[in-house]
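Spelled out from the first residue to the last, the chains are:
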Amino acid sequence: MIIVGAGQSGLAVAAALSSRGLQPQQDFVVIDAAPEGQRSWATRWHSMELLSDARHSALPPRRLPGDQRRHPRVDEIVDYLTYVEAGLGVETMWGVRATGVEHRGNGSTLHLSTTTGEVQTRNVVCATGAAALPHLPEWAPALTVPGVVLHSSEYLYPRQILSGDVLIVGGGNSGVQLARELNASHRVTLATRTPRRRRPGKSYPAAGGETVSALSRRRLPEPVFGEGYEQLRRIGVTIRPAVIGAHGAAVTFADSTSSTPGSVILATGYAPGDNWLPDEARSTQSRRTATGLPGLFVAGMPQYSVRGADTIFGVWRDATTIAHQIVNRP
């Protein structure tokens, strides 16, 4: 069996399989496309803290040390996942990217294609992350500014941004956190497409993720936790409607006004890392974490599971479900 992805989802599945007596490198292996040890958490901005407290930022078999009420920094999570990997005895094969998976013939074998060749296996777990690929607006390539245009995945610290004004596009939790950080050194404008509810920080992760309105059946975006838009206004952040276009140095907002920001940060979210799966796997699901391809499972992506599956704490439910299905698969 092959687990694709050595982040929180892949290691959760590895831990769940180990708890059922399966041995790493013998019964299953873990591969990851990143350079050795460079999990996605390592690329987040330096001051970033998780929305969840330490108690909800760890896999149940191995808790984070220290005060369980604190919100861990990303460097702590990087160290924690390395600790989990070592404790399980997993020897991740780094630098190996999965490029496709298919079922051939009448047997139960899957053919996994990777950048180092093809391998046959009975089970494959896609654990490549719900936030794997930066999502960029269609108008982004047309924007040229005096400073920089960065996706939030590329932002590390305020000195990256030219002094003066900065436009942050995206009113979710990342956009709000970046607006707060940069407001100390820049003139910040935050553009948001859909105003979001504000919830107290302690309600995360239970209230995290998108929801569906019981009355209108409309999809509601994830709330912002802790500080909301009003708190940002009070410290001097300008809140604007969505950016709908760009040309040269100018951006156009939904109210038909325009602006020429010095720099732009695109806190516009991510796409999941399931683009290497076949269409039949993405369009047909027999049950949670399972796909339309027998033997192919997905961990840590809400669209294949439930709300909250993309959190460190929430993915454990996926991992135990997958381990049960694999062990009991005919």
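Note: the structure precedes this text.
Figured I'd write up the structure that's included with this text.

Conventions used here
- Residues numbered from 1 in each chain as written.
- Predicted model: local features only at pLDDT ≥ 70, side-chain atom pairs only at ≥ 80, totals over all residues.
- Heavy atoms only, no water.
- Phe/Tyr/Trp six-rings, centres within 6.5 Å; stacked < 30°, edge-to-face > 60°.
- Helix = DSSP H or I, 4+ residues; strand = E, 2+ residues; numbered from the N terminus.
- Buried < 20%, exposed > 50% of the residue type's maximum accessible area, 1.4 Å probe, protein only.
- Lys NZ or Arg CZ within 6 Å of the ring centre and 35° of its normal.
- Salt bridge = Lys/Arg side-chain N within 4 Å of Asp/Glu carboxyl O.
- Lys, Arg positive; Asp, Glu negative; His and termini not counted.
- Polar contact = N/O pair within 3.5 Å; in protein donor to acceptor, adjacent residues only side chain to side chain.
- Contact = heavy atoms within 4.5 Å.
- Pairing = 2+ DSSP bridges.
- Axes fitted to C-alpha atoms, helices over the stretch in contact; angles between N-to-C directions.
- Expected span 1.5 Å × (residues − 1).

Right, let's talk about the packing of aromatic side chains for a bit. Within the structure shown, the criterion is met by three aromatic pairs. Their ring planes at 45° and their centres at 6.4 Å tell us that Y80 and Y83 sit as a pair that is tilted. One end of the pair, Y80, and the other, Y83, are both in helix α2 (residues 74-88), three residues apart, so they sit about a helical turn from each other. Here the aromatic rings of Y204 and F225 are separated by 5.0 Å at their centres, their planes lie at 75°, and the arrangement is edge-to-face. Placement of Y204 in the loop between β12 (198-199) and β13 (211-212) and of F225 in strand β15 (residues 224-225) is noted, with a sequence separation of 21 residues between them. Taken individually, Y204 and F225 each receive the classification buried, so the pair is uniform in this respect. The ring of Y157 carries the charged tip of R159 above its face, separated from the ring centre by 5.0 Å. Residue placement shows R240 over the ring face of F253; its charged tip is 4.1 Å from the ring centre.

Before going further, it helps to spend a moment on the pattern of salt bridges. The tally for this structure, following the rule as stated, stands at 13 salt bridges. Among the ionic pairs, R70 bridges to E76, the shortest N-O distance being 2.6 Å. What makes R70 partly exposed here is its relative accessible area of 21%. Across the pair R240 and D255 runs a salt bridge, and its minimum N-O distance is 3.6 Å. Of the two residues, R240 is situated in strand β16 (residues 238-240) and D255 in the loop between β18 (250-253) and β19 (258-259); the sequence distance between them amounts to 15 residues. Exposure remark for D255: the relative accessible area of 41% places this residue in the partly exposed category. Counted as one network, the salt bridges with shared partners bring together R70, R73, D75 and E76.

Before going further, it helps to spend a moment on the side chain of D53. By the secondary structure assignment, D53 is in the loop between β2 (29-32) and α2. Here D53 occupies a buried position and makes no salt bridge, while the nearest side chain of opposite charge, R55, is found at 4.6 Å. In this structure the side chain of D53 is engaged in a polar contact, spanning 2.9 Å, whose partner is the side chain of H56. Apart from residues no more than four positions distant in its own chain, D53 is found in contact with Q68, R69, R70, H71 and P72.

This part covers the sheet that holds strand β11 (residues 187-191). Sheet architecture is open: five strands sit in the order β9-β20-β10-β11-β16, paired in parallel fashion. In the strand order of this sheet, the two ends are held by β9 (149-151) and β16, each with one partner. The mean inter-strand angle of the sheet, taken between neighbouring strand axes irrespective of direction, is 20°. Lying over the sheet, helix α3 (residues 173-182) contacts β10 (165-169), β11 and β20 (263-266), oriented at roughly 170° with respect to β10.

The next thing to look at is the environment of P241. Structurally, P241 can be placed in the loop between β16 and β17 (243-247). Each C-alpha atom, one on P241 and one on V169, is 9.5 Å from the other, the two residues being 72 residues apart in sequence. Look past the residues within four positions of P241 in its chain and what remains in contact with it is A191, T192, F253, A254 and D255.

Take helix α1 (residues 8-19) next. Along its twelve residues, α1 runs 16 Å from first to last C-alpha, staying within 8% of the 16 Å computed at 1.5 Å per residue. Burial analysis of α1 places ten of its twelve residues in the buried class, the great majority of the element. The complete set of buried residues in α1 reads Q8, S9, G10, L11, A12, V13, A14, A15, A16 and L17. Where α1 is buried, its residues meet β1 (2-4), α2, β7 (124-126) and α6 (315-327). Once α1 ends, the next one or two residues include G21, with phi positive near 95°.

From the geometry alone we can't say anything about function, so treat these as descriptive.
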